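# Understanding the architecture of this molecule
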Amino acid sequence: MSEEDNKTNHYESNGLSSSTKEKEQNIEKVCNKKPGGWKAMPFILGNETFERLAAFGLFANFMVYLTREFHLDQVYASNILNMWGGITNFAPLLGAFISDTYTGRFKAIAFGSFFSLLGMTAVTLTAWLPQLHPPSCSPQQQALNQCVKATNSHVGFLFMGLIFLSIGSSGIRPCSIPFGVDQFDPTTEEGKKGINSFFNWYYTSFTVVLLITQTVIVYIQDSVSWVFGFAIPTLCMFCSIILFFVGSKIYVHVKPEGSIFSSIAQVFVASFRKRKVEFPSEKVVDGIFYDPPLVGSAILSKLPSTNQFRVLDKGALIMEGDLNQDGSIVNNWNLVSIQQVEEVKCLARIFPIWAAGILGFTAMAQVATFIVSQAMKMDRHLGPNFQIPAGSLQVVSFIVIGLWVPFYDQVCVPALRKITKHEGGITLLQRIGIGMVFSIIAMIVAGLVEKVRRDVANSNPNPLGIAPMSVMWLFPQLILMGFCEAFNIIGLIEFFNRQFPDHMRSIANALFSCSFALANYVSSILVITVHNVTGTHSHPDWLTNDINVGRLDYFYYLLAGVGVFNLVYFLYVSQRYHYKGSVDILEKPTQDVELGAKGELDYFTKDV
């Protein structure tokens, strides 16, 4: 007799109905479902690697493309990059909302990948078809400002491709990391190790991609052909889509659970409606807050009750008429759970730290703009036959990150742990603060080097305006920016993933992208303001198209001053930050909970 027949006889002998039998069989399927695990990783990491290779391969040298091929002024080109970077980094917030509420992460990534392919194809066409770009001109003509600039139709078609890329990023960026984490079961030791390894592999592949794009792809664009230089990332994006769909039957697909924004709004509305209600004066307040068992398609952490933002706790106060006889809520806008309240408190505590990251990233935005402009006015030769592409200089920062992060993790953290007794050696906020200090120092060094470069160029005039000094003079500021990213960016990524509530990781990654978006906008505002304010009849503005007569060094000092102001603000808010905790609980959902991976597993939560 088969195992299925034995189960059927068991149900019939115990008088169970066919519906009960089907329900228990469904429960068994849910409980026995194995996550995708490492079987899914080649497809997810492969998709992510190709997508990053495509996106960064396109963006790495774009400043050079806009100034050299579209003949745009450097301020105009810088603003295009900043505005596009802002839109691209804001879009994931909308993508996170759509994926968590309606589509799920798999469909969001698939949808975004197709739009990214369309965008890259459009940008490639601007380099391939003569009708989509202005006529070429020599370096001498460009130095004399005699080139025909791109028309509105040229820029409009290019913008269409960039908008498609922004739509694509809205689906891919907020979902790629959470989708990879979804493939592991966090209740098992194997799953926990898998998640940690996934992050390591993710950052490793990310660094490798950046190194490739900043060297091979940029060299092809700069020295061989812009058509091939854009076509290769486009082909990589096509391969990314194929690889992603090949593994579709292996993935674990976590269903969307509804908008977290509705839950956040409900907390504020319920708290406002009960704003005049007084808290009980008794010390023992057990049972006055609505605190149901955690239920969801993912393993969630039970957040402990905190005393910060106590006014929000009023939204969880159980008043007469708030609950039905079965214990369910009558109106979700009148009563919320204490878990919902604590999740909103997490966001409220994180928000000031997130805001500090915006100005902290403003200096990083210059690496792809004005530092490239500096490099184009310096001697970039390595030997008689090879010239370093201006867009490849950022590889110096990536090499620093690739060398420092393993050393920091394997050597510095264990040594610091013995002194501080902290698991990470130093706290996440300390790590972010150190990154901000490196950012300030990098801008000061950048200003000093630019003054030397400008003086040398003006002392040795030539038709192209190139200073007879090696581009390696820019290495110190790039090395410092590498340390800034190693501490600041990686620290913020870990901070957001650890401090955000578990089911808000898509939003966490989206908000991280929003930090870059706002940093690009702040940078653009600073550029426009400096460009319009600093010029007079007797001398041009600091950021004039010819940097040999401008004062780019003053702009770098301005950014250093903004960084100092931001550091003071960060120190103030970080001293008042309380790290997220969790409660050790073992909760079992009731039998009335719906199937579909929503309740048939025990919920374990452990300290963060």
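See above for the structure.
Conventions adopted
Residue numbers restart at each chain and count upward from 1, following the sequence in its written direction. Side-chain atom pairs in this predicted model are given and counted only at pLDDT of 80 or more, local residue features only at pLDDT of at least 70, and totals for whole chains, interfaces and linings cover all residues. Side-chain numbers here rest on the full set of heavy atoms in the structure, without hydrogens or water. The pairing test for Phe, Tyr and Trp rings, Trp by its six-membered ring, is centres within 6.5 Å, and the orientation test on the planes gives stacked under 30 degrees, edge-to-face over 60, and tilted for anything in between. Each helix is a run of DSSP H or I of at least 4 residues and each strand a run of E of at least 2, with the numbering of both proceeding from the N terminus. Here, a charge over a ring means that NZ of Lys or CZ of Arg falls within 6 Å of the ring centre while also lying within 35 degrees of the ring normal. In this analysis an axis means a line fitted to C-alpha atoms, helices contributing only their contacting stretch, and an angle means the value between N-to-C directions, from 0 to 180 degrees. Geometric relationships in this document are graded by angle, where less than 35 degrees denotes roughly parallel, more than 145 denotes roughly antiparallel, 65 to 115 denotes roughly perpendicular, and other angles denote oblique. Each crossing gets its handedness from the near helix: less than a right angle anticlockwise from the far helix is left-handed, clockwise is right-handed. What makes two residues a contact is simply this: any of their non-hydrogen atoms within 4.5 Å. Definition of a polar contact: a pair of N or O atoms within 3.5 Å, with one able to donate and the other able to accept a hydrogen when the atoms are protein atoms, and with sequence-neighbouring residues admitted only if both atoms are side-chain atoms. Note on definitions: salt bridges are taken to be side-chain nitrogens of Lys or Arg within 4 Å of carboxyl oxygens of Asp or Glu. To sort residues, take the accessible area from a 1.4 Å probe on protein chains only and compare it with the maximum for the residue type: under 20% means buried, over 50% means exposed, and anything in between is partly exposed. Whenever a pair of cysteine sulfur atoms sits within 2.5 Å, that pair is classed as a disulfide. Put simply, buried Ala, Val, Leu, Ile, Met, Phe, Trp, Tyr and Cys residues joined by side-chain atoms within 4.5 Å make one nonpolar core.

## What about the packing of aromatic side chains?
- The full count for this structure, using the stated rule, is 34 aromatic pairs.
- Measuring from ring centre to ring centre gives 5.6 Å for Phe370 and Phe555, while their planes differ by 70°; the resulting arrangement is edge-to-face. With Phe370 in helix 13 (residues 370-376) and Phe555 in helix 18 (residues 552-575), the pair connects residues that are 185 residues apart, well separated along the chain.
- Through pairs of rings, three or more aromatic residues link up here, namely Phe62, Tyr65, Phe70, Trp84, Trp226 and Phe230.
- Here the guanidinium or amino end of Arg551 rests over the ring plane of Tyr554, the centre of that ring lying 4.2 Å away.

## Digging into the packing of helix 12 (residues 338-362) against helix 17 (residues 505-533)
- Relative to each other, helix 12 and helix 17 sit at 50°, their axes nearing to 8 Å. Relative to helix 17, the element helix 12 is oriented oblique. Between helix 12 and helix 17 lies a crossing whose hand is right-handed. Packed against helix 12, whose contacting residues are Trp354, Ile358, Leu359, Phe361 and Thr362, the element helix 17 presents Leu511, Phe512, Cys514, Ser515, Phe516, Leu518, Ala519, Val522, Ser523 and Leu526 at the interface.

## Quick look at the side chain of Ser170
- Along the chain, the position of Ser170 falls in helix 8 (residues 152-182).
- Among the polar contacts listed, one links the side chain of Ser170 to the backbone oxygen of Ile167, at a separation of 2.4 Å.
- Leave out the neighbours within four places in its chain, and Ser170 touches Ala91, Pro92, Gly95 and Ala96.

## Overview of the pattern of salt bridges
- Applying the stated criterion to the full structure yields 10 salt bridges.
- Between Asp313 and Arg310 there is a salt bridge whose closest N-O contact spans 3.1 Å.
- Of the charged contacts in the structure, one is a salt bridge between Lys345 and Asp313, with a shortest N-O distance of 2.9 Å. Of this pair, Lys345 sits in helix 12 while Asp313 sits in the loop between helix 11 (260-273) and helix 12, and the two are 32 residues apart along the sequence. Each member of the pair, Lys345 together with Asp313, is buried.
- Through salt bridges with shared partners, a single ionic network connects Arg310, Asp313, Glu342 and Lys345.

## Section: the state of the cysteines
- Summed over the entire model, instances satisfying the criterion amount to one disulfide.
- Here Cys137 pairs with Cys147 through a disulfide, and the sulfurs are 1.9 Å apart. Judged by the torsion about the S-S bond (80°), the Cys137/Cys147 disulfide is right-handed. Separated by 10 residues along the polypeptide, Cys137 in the loop between helix 6 (105-128) and helix 7 (139-143) and Cys147 in the loop between helix 7 and helix 8 bring together distant segments of the chain.
- Cys147 gets classed as buried once you look at its relative accessible area, which sits at 13%.

## Focus: the nonpolar core
- In this structure, Phe62, Leu474, Phe495, Phe496, Phe500 and Phe555 are the most contacted members of the largest nonpolar core, which totals 108 residues.
- Core analysis: the next-biggest nonpolar cluster, separate from the first, contains 19 residues, Ile44, Ala110, Val181 and Tyr251 among them.

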